[in-house]
Amino acid sequence: MEFDGPFTMTIGGQAVAGTATFDVVNPATEAVIAAAPDATRAQLDEAVASARAAFPGWAATPIEERRALIDRLGDAVMAQLDGFARLLTAEQGKPHGDAQNEIGGAALWLKGAATLDLPVTVNEDSGDRYSETRHVPIGVVGAIAPWNFPMVLAMFKVGPALLAGNTMVLKPSPFTPLTTLKFGELAATILPPGVLNVVSGGDALGPWLTEHPDIDKVSFTGSTATGRRVMQSASATLKRVTLELGGNDPAIVLPDVDVAAVAEKLFWAAFANNGQVCIATKRMYVHEDIYDALKEALVAYAATVKVGDGSEQGTRLGPINNRPQYERVLDLIRDAKERGYTFLTGGDTSETPGYFVPVTIIDNPPEDSRIVQEEQFGPVLPLLKFRDVEDALARANASDYGLGASVWGSDEDAAFAVAERIASGTVWVNETQHLTPLAAFGGIKQSGVGVEGGLEGLLEYTNVKTLVRRRQAAGE
Ligand code: NAD
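Note that the coordinates shown come from a computational prediction; the quantities given were computed from them, not determined experimentally.

Peer 1: Quick one: what's the story with the overall build of the protein chain, residue by residue and with numbers?
Peer 2: Helix and strand counts for the protein chain stand at 15 helices and 20 strands. Radius of gyration (C-alpha) of the protein chain: 23 Å, near the 23 Å computed for a compact globule of 476 residues. Projected onto the principal axes, the alpha-carbon positions of the protein chain cover approximately 80 × 55 × 40 Å. Counting every position in the protein chain, which comprises 476 residues, the buried fraction comes to 56%. Counting contacts in the protein chain only where the partners sit at least 6 residues apart, residues at least 24 apart contribute 72% of the total. Within the structure as shown, the protein chain displays about 18,700 Å² of accessible surface, and the carbon and sulfur contribution to it stands at 52%. Of the side-chain charges in the protein chain, 39 are positive and 60 negative, and the distance between the mean point of each set is 5 Å.

What follows is the structure in structure tokens.
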């Protein structure tokens, strides 16, 4: 498969060019690397109509056949891992090794979702009546993905939505459309036409999709602000929604932790993918007994991490993905500087091309500072000191977000007991960001509605249907 242009959409199994295009930029160089199709409203209508036309056939296809095709799609992605990964680094900025991990994860998610099953519950099986509850497909799913993990987050949706018997229209972020467009091309060689359509476009396309009367469900991953708009727009036709939104994940580091053993893990908890992870540690609460030791260990480790062009050997962190996000992160750094917070490392950005931000750690800023309260989604971490674990818990939970969290300590049971009291969709003990296609993942409070992954995630792509049969008694 060729990973160079031209980049086309996939509608009804066909490659479709845009009548207009938009530029895709490599964030490490700011050079334009490709032109992506800018879908018109008519092209979106065609994609939705193709998905609608394909729905009855796909829904009637035995689940074992759907399962086999999704599994094959996973293999096909895996077989093209290197090409996808190079393209992903070019459009997203992440180092090549991380891009390979993401593509491998995308394949794994398809194959993992393909192992799930739709349960049938028998409610009653008596002489009078037989009643069962099934999970049937919803129809056409509109899927919207962000730019931080464009491929794997799209596959969170594709695998379960298709397994459940829905057809789809998938829209990548305009900052990272290329890998998803290539994925659409690949999928068209495996899936029946219209089952998976991929469209790309600018800011108008998302709202067109969420308000489209012939889309039955929207599965959205992105910011909380956009999530609100999606829910509002979907309400016009009472579309089902799954919303995977922002987070401001706390880590609570207990005093009995082995600092030397966890420092590197805590570093990556915050800085993997440059902090552009919904479940990155975005506030690190550290017990005062070990605060200085951990601070020094994090700063020393940060000095060993090469920040640069993701396509260069040895780069561990690439640039921020796009200019608006780069400006947001710079604004948070500027605010922290103006307020006189102490920078333990980083904070200075250069004028060279590329949206590069150095690893930045801020020493115990006030709890109500922007860098603590807002989702930074960049490589800027506030380290926060606590004495009493009750205080750490109260601060950790005092957020409108509730996506992920982690607790770190040598006494696993004690750490677990703290974890049980954190209000978020997932809490990890002594690790973080571990996700699998077989476990539910989602946010509470303003971090989301619904979940992805596992049986619970699969069921979000279904309607519940109860069938009741009255049994005729002899002679009735
Ligand atoms: P974003 O909300 O700006 O964009 C996400 C997607 O929505 C893009 O495809 C965009 O084109 C589209 N979009 C924008 N406006 C729209 C509208 N009005 N209607 C419909 N679609 C619209 O988010 P982003 O900047 O791409 O991603 C970063 C955010 O995503 C962060 O807040 C991060 O925490 C969150 N995120 C959450 C998860 C999760 O699983 N909970 C995973 C990754 C990222």
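The discussion continues.
Peer 1: Before we move on, could you go through the sheet that holds strand 20 (residues 462-470) and cite the residues and values that matter?
Peer 2: The strand order across the open sheet formed by three strands is 5-6-20, and the pairing between neighbours is antiparallel. Bordering the open sheet on either side are strand 5 (121-125) and strand 20, each of which pairs with just one other strand. Strand-to-strand twist across the sheet, computed as the mean angle between neighbouring axes with direction ignored, equals 20°. Relative to strand 20, strand 6 (residues 129-137) runs antiparallel, the two sharing nine bridges. By the bridge assignment for strand 20, tyrosine 130 is matched with arginine 469.

Peer 1: Residues and numbers for the domain arrangement of the protein chain, please.
Peer 2: Domain assignment breaks the protein chain into domain 1 (9-245 + 443-466) and domain 2 (249-429). Here the C-alpha centroids of domain 1 and domain 2 sit 30 Å apart. In this complex, domain 1 contributes 25 residues to the contact, which on the side of domain 2 involves 32 residues. Between domain 1 and domain 2 the total buried area reaches about 2,200 Å² when both faces are included, carbon and sulfur atoms providing 54% of it.

Peer 1: Quick one: what's the story with the site of the ligand, residue by residue and with numbers?
Peer 2: Lining the immediate surroundings of the ligand are 28 residues, of which Ala145, Trp147, Thr226, Leu245 and Glu375 lie closest. Alanine 145 is positioned with one of its backbone polar atoms (N or O) 2.7 Å from an oxygen atom of the ligand. The contact in question runs from an oxygen atom of the ligand to an N or O atom on the side chain of threonine 226, over 2.7 Å. When the ligand is considered free in solution it has 850 Å² of accessible area, and contact with the protein chains removes 89% of it. Those elements giving two or more residues to the shell around the ligand turn out to be helix 7 (205-211), strand 10 (217-221) and helix 8 (224-234). Here the shell around the ligand gets three residues from one element, more than from any other, and that element is helix 7. Split into classes, the residues belonging to the shell around the ligand amount to 15 nonpolar, 10 polar and three charged. Each of two domains, domain 1 (9-245 + 443-466) and domain 2 (249-429), supplies a minimum of three residues to the shell around the ligand.

Peer 1: I'd like to hear about the nonpolar core, residue by residue, with values.
Peer 2: Of all hydrophobic cores here, the largest spans 83 residues; its most connected members are Met155, Val158, Val169, Phe183, Leu191, Leu196 and Val199. The biggest single contributor to this core is helix 5 (residues 150-163), with 10 residues. Shared between two domains, this core takes at least three residues from each, and those domains are domain 1 (9-245 + 443-466) and domain 2 (249-429). Not counting chain neighbours up to four residues away, the residues in contact with valine 199 comprise Met9, Ile11, Ala39, Leu44, Ala47, Val169, Leu170, Lys171, Pro172 and Leu205. Counting 28 residues, the second-largest nonpolar core is a separate cluster that includes Ala336, Val380, Val407 and Val418.

Peer 1: So what about helix 10 (residues 288-302)? Which residues, and what values?
Peer 2: The end-to-end C-alpha distance of helix 10, which contains 15 residues, comes to 21 Å, matching closely the 21 Å that a straight helix rising 1.5 Å per residue would cover. Buried residues along helix 10 sit in contact with strand 12 (249-253), helix 9 (259-271), strand 13 (281-287), strand 14 (342-345), strand 15 (360-363) and strand 16 (380-386).

Peer 1: I'd like a rundown of the sheet that holds strand 18 (residues 426-429), residues and numbers included.
Peer 2: Reading across the sheet, the seven strands line up as 14-15-16-13-12-17-18 and stay open at both edges, with mixed pairing between neighbours. In this open sheet, the two edge strands, each paired with only one partner strand, are strand 14 and strand 18. Pairs of neighbouring strands in the sheet enclose a mean axial angle of 25°, with direction left out of account. Here four bridges tie strand 15 to strand 16, and the two strands are oriented parallel to one another. Considered in strand 16, the bridge of threonine 360 is made with valine 380. Lying over the sheet, helix 11 (residues 323-338) contacts strand 14, strand 15 and strand 16, oriented at roughly 125° with respect to strand 14. Against the sheet, helix 13 (residues 389-397) contacts strand 12, strand 13 and strand 16, and its axis sits at roughly 145° relative to strand 16.

Peer 1: Explain the packing of helix 3 (residues 81-92) against helix 6 (residues 178-187) to me, and be specific about the residues and the numbers.
Peer 2: Close contact between helix 3 and helix 6 brings their axes to 8 Å; oriented N to C, the two are set at 150°. The angle between the axes of helix 3 and helix 6 places the two elements in the roughly antiparallel class. Where helix 3 approaches helix 6, its residues Phe84, Leu87, Leu88 and Glu91 are matched on the opposing element by Leu178, Thr179, Lys182, Phe183 and Leu186. Partitioned by chemical class, the residues of the contact of helix 3 with helix 6 number six nonpolar, one polar and two charged.

Peer 1: Break down the side chain of histidine 135 for me, with residues and values.
Peer 2: In this structure, histidine 135 sits in strand 6. At 3.3 Å, the side chain of histidine 135 forms a polar contact with the side chain of threonine 462. The residues contacting histidine 135, other than those within four sequence positions of it, are Leu118, Pro119, Leu459, Thr462, Asn463 and Val464.

Peer 1: Describe the packing of aromatic side chains, naming the residues involved and giving the relevant values.
Peer 2: The tally for this structure, following the rule as stated, stands at eight aromatic pairs. Joined through ring pairs, the aromatic side chains of Phe267, Trp268, Phe271 and Tyr301 make up one cluster. The ring of tyrosine 461 is capped by lysine 217, whose NZ or CZ atom sits 5.0 Å from the centre of that ring.

Thresholds, definitions, all that
- Residues numbered from 1 in each chain as written.
- Predicted model: local features only at pLDDT ≥ 70, side-chain atom pairs only at ≥ 80, totals over all residues.
- Heavy atoms only, no water.
- Helix = DSSP H or I, 4+ residues; strand = E, 2+ residues; numbered from the N terminus.
- Rg over C-alpha atoms; globule rule 2.2 N^0.38 Å.
- Buried < 20%, exposed > 50% of the residue type's maximum accessible area, 1.4 Å probe, protein only.
- Contact = heavy atoms within 4.5 Å.
- Areas by Shrake-Rupley, 256 points an atom, 1.4 Å probe, with all protein chains shown as cover.
- Lys, Arg positive; Asp, Glu negative; His and termini not counted.
- Charge placed at Lys NZ, Arg CZ, Asp CG, Glu CD.
- Pairing = 2+ DSSP bridges.
- Axes fitted to C-alpha atoms, helices over the stretch in contact; angles between N-to-C directions.
- Domains from an automatic or database assignment.
- Buried area = accessible area lost by both parts, 1.4 Å probe.
- Near = heavy atom within 4 Å.
- Polar contact = N/O pair within 3.5 Å; in protein donor to acceptor, adjacent residues only side chain to side chain.
- Nonpolar A, V, L, I, M, F, W, Y, C, P; charged D, E, K, R; others polar.
- Core = buried A, V, L, I, M, F, W, Y, C linked by side-chain atoms within 4.5 Å.
- Expected span 1.5 Å × (residues − 1).
- Parallel < 35°, antiparallel > 145°, perpendicular 65-115°, else oblique.
- Phe/Tyr/Trp six-rings, centres within 6.5 Å; stacked < 30°, edge-to-face > 60°.
- Lys NZ or Arg CZ within 6 Å of the ring centre and 35° of its normal.

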